[in-house]
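Here's the letter readout for the chains.
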Amino acid sequence: MRRGFYIGRFQPYHNGHQSVLEEIARWADEIVIGVGSAQLSHTPDNPFTAGERVLMITRALADLACPIYVIPIEDIRRNAIWVAHVRSMTPPFDVVYSGNPLVMQLFAEAGMEVQSPDMYERATHSGREIRRRMLCGEAWENLVPPAVIDVIREIRGDERLRQIAGTDE
Ligand SMILES: Nc1ncnc2c1ncn2[C@@H]1O[C@H](COP(=O)(O)OP(=O)(O)OP(=O)(O)O)[C@@H](O)[C@H]1O
Ligand SMILES: NC(=O)c1ccc[n+]([C@@H]2O[C@H](COP(=O)(O)O)[C@@H](O)[C@H]2O)c1
């Protein structure tokens, strides 16, 4: 049984994340997805709750060939024990996939195999750019899977973001 681990904040989940997970699914029998900074929501950089992010990911990956486990993980104040914290919340995994230098370093120091997936159209496919577009009323829908558009509409996510940021008229 080969299990891969992928962690992100997913604010929101976008096509870049989807392309990485489709790549991981080619190797893994199962994938564990950590929804990081799970305690954060309703801020301009972290507008969506952990539960809303779980919904985005689970629906977007409904047709993925391999089973997924989507697990919210709160931040802790001590990087030195963060890997143990993550492991205490997740099924065991063999390979960590991340492009975040701190995440890569902490898992590598813990003796885990770490791989850095290729970036998918990063100029447009980032949570920051999607949130910017939502705030400015520009089109963002082409950057996320259709299921994520549905979730964001259902929770009125772009409206929430504009209210939080104080740009709503
Ligand atoms: N376009 C992309 N293609 C491939 N991987 C990506 C892409 N964007 C982010 N990732 C990776 O996804 C993981 C989670 O990233 P995260 O949820 O912070 O997304 P982000 O788009 O970088 O968000 P933000 O812009 O809000 O910081 C990280 O390992 C990151 O390197
Ligand atoms: N000490 C900690 O709590 C700690 C350390 C490293 C990463 N993380 C989290 O892991 C996630 C990494 O995701 P990104 O690659 O999207 O930044 C973030 O939610 C980040 O806060 C937490």
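Residues numbered from 1 in each chain as written. Chains lettered and ligands numbered in written order. Predicted model: local features only at pLDDT ≥ 70, side-chain atom pairs only at ≥ 80, totals over all residues. Heavy atoms only, no water.

1. Considering the packing of helix H3 (residues 82-89) against helix H4 (residues 101-109)
The N-to-C vectors of H3 and H4 enclose an angle of 85°; their axes lie 9 Å apart at closest approach. The angle between H3 and H4 places the two elements in the roughly perpendicular class. Only Val 103, Leu 106 and Phe 107 of H4 make contact with H3, whose side of the interface consists of Trp 82, Val 83 and Val 86. Class assignment of the residues belonging to the contact of H3 with H4 gives a composition of six nonpolar, no polar and no charged. (Axes fitted to C-alpha atoms, helices over the stretch in contact; angles between N-to-C directions. Helix = DSSP H or I, 4+ residues; strand = E, 2+ residues; numbered from the N terminus. Parallel < 35°, antiparallel > 145°, perpendicular 65-115°, else oblique. Contact = heavy atoms within 4.5 Å. Nonpolar A, V, L, I, M, F, W, Y, C, P; charged D, E, K, R; others polar.)

2. Observations concerning the nonpolar core
Core analysis: the biggest nonpolar cluster contains 32 residues, and Tyr 13, Leu 21, Ile 24, Ile 31, Ile 33 and Ile 57 have the highest contact counts within it. For this core, the secondary-structure elements that each account for two or more residues are helix H1 (15-27), strand S2 (30-35), helix H2 (50-60), strand S4 (95-97), helix H5 (127-136) and helix H6 (146-154). Excluding anything up to four places from it in sequence, Leu 21 contacts Tyr 6, Tyr 13, Ile 31, Ile 33, Leu 61 and Leu 64. Listed in part, the 14 residues of the second largest apolar core include Val 83, Val 86, Phe 93 and Phe 107. (Core = buried A, V, L, I, M, F, W, Y, C linked by side-chain atoms within 4.5 Å. Buried < 20%, exposed > 50% of the residue type's maximum accessible area, 1.4 Å probe, protein only.)

3. Considering the environment of Glu 113
Within the fold, Glu 113 resides in strand S5 (residues 113-115). The spacing of Glu 113 and Val 96 is 17 residues in sequence and 6.2 Å in space, taken between C-alpha atoms. Ignoring any residue separated from it by four or fewer positions in sequence, one finds Glu 113 in contact with Asp 94, Val 95 and Val 96. Within the structure, the side chain of Glu 113 is placed 2.8 Å from the side chain of Gln 115, a separation counted as a polar contact. (Polar contact = N/O pair within 3.5 Å; in protein donor to acceptor, adjacent residues only side chain to side chain.)

4. Focus on the UniProt feature "domain: Cytidyltransferase-like" (unreviewed entry) in the protein
Annotation from UniProt places "domain: Cytidyltransferase-like" (unreviewed entry) at residues 5-133. Between the end C-alpha atoms of residues 5-133 the distance is 29 Å, and the span holds 37% helix and 16% strand. (UniProt positions renumbered as here; feature names shortened; annotations may be inferred.)

5. Notes on the side chain of Arg 3
Within the secondary structure layout, Arg 3 lies in strand S1 (residues 3-8). The class of Arg 3 is buried, set by a relative accessible area of 16%. Side-chain polar atoms of Arg 3 contact the backbone oxygen of Pro 92, separated by 2.7 Å. Dropping the residues within four chain positions of it, Arg 3 is found in contact with Trp 27, Glu 30, Val 32, Tyr 69, Pro 91, Pro 92, Phe 93, Asp 94 and Val 95.

6. Observations regarding the site of ligand 2
The immediate surroundings of ligand 2 are formed by Ile 7, Gly 8, Arg 9, Gly 36, Ser 37, Asp 75, Ile 76, Asn 79, Trp 82, Asn 100, Leu 102 and Val 103. Asp 75 is positioned such that a nitrogen or oxygen atom in its side chain is 2.8 Å from an oxygen atom of ligand 2. Asn 100 is positioned with one of its side-chain polar atoms (N or O) 2.9 Å from an oxygen atom of ligand 2. Its free accessible area being 490 Å², ligand 2 has 82% of it covered by the protein chains. Comparing atom positions with the cavity grids shows ligand 2 to sit within the largest pocket. (Near = heavy atom within 4 Å. Areas by Shrake-Rupley, 256 points an atom, 1.4 Å probe, with all protein chains shown as cover. 1 Å grid on protein atoms, 1.4 Å probe; cavity = no way out; pocket = protein on both sides within 12 Å on 5 of 7 lines; lining within 4 Å. Sits in = over half its atoms within 2 Å of the grid points.)

7. Re the packing of aromatic side chains
Tallying each qualifying case throughout the model produces seven aromatic pairs. Summarising the aromatic geometry, the rings of Trp 82 and Phe 107 are spaced 5.7 Å apart at their centres and angled 70° between planes, so their arrangement reads as edge-to-face. Within this pair, whereas Trp 82 is found in helix H3, its partner Phe 107 is found in helix H4, the two being separated by 25 residues in sequence. Assessed through its relative accessible area of 11%, Trp 82 is described here as buried. In textbook terms, an aromatic cluster arises when at least three aromatic residues are bridged by ring pairs, as seen for Phe 5, Trp 82, Phe 93 and Phe 107. (Phe/Tyr/Trp six-rings, centres within 6.5 Å; stacked < 30°, edge-to-face > 60°.)

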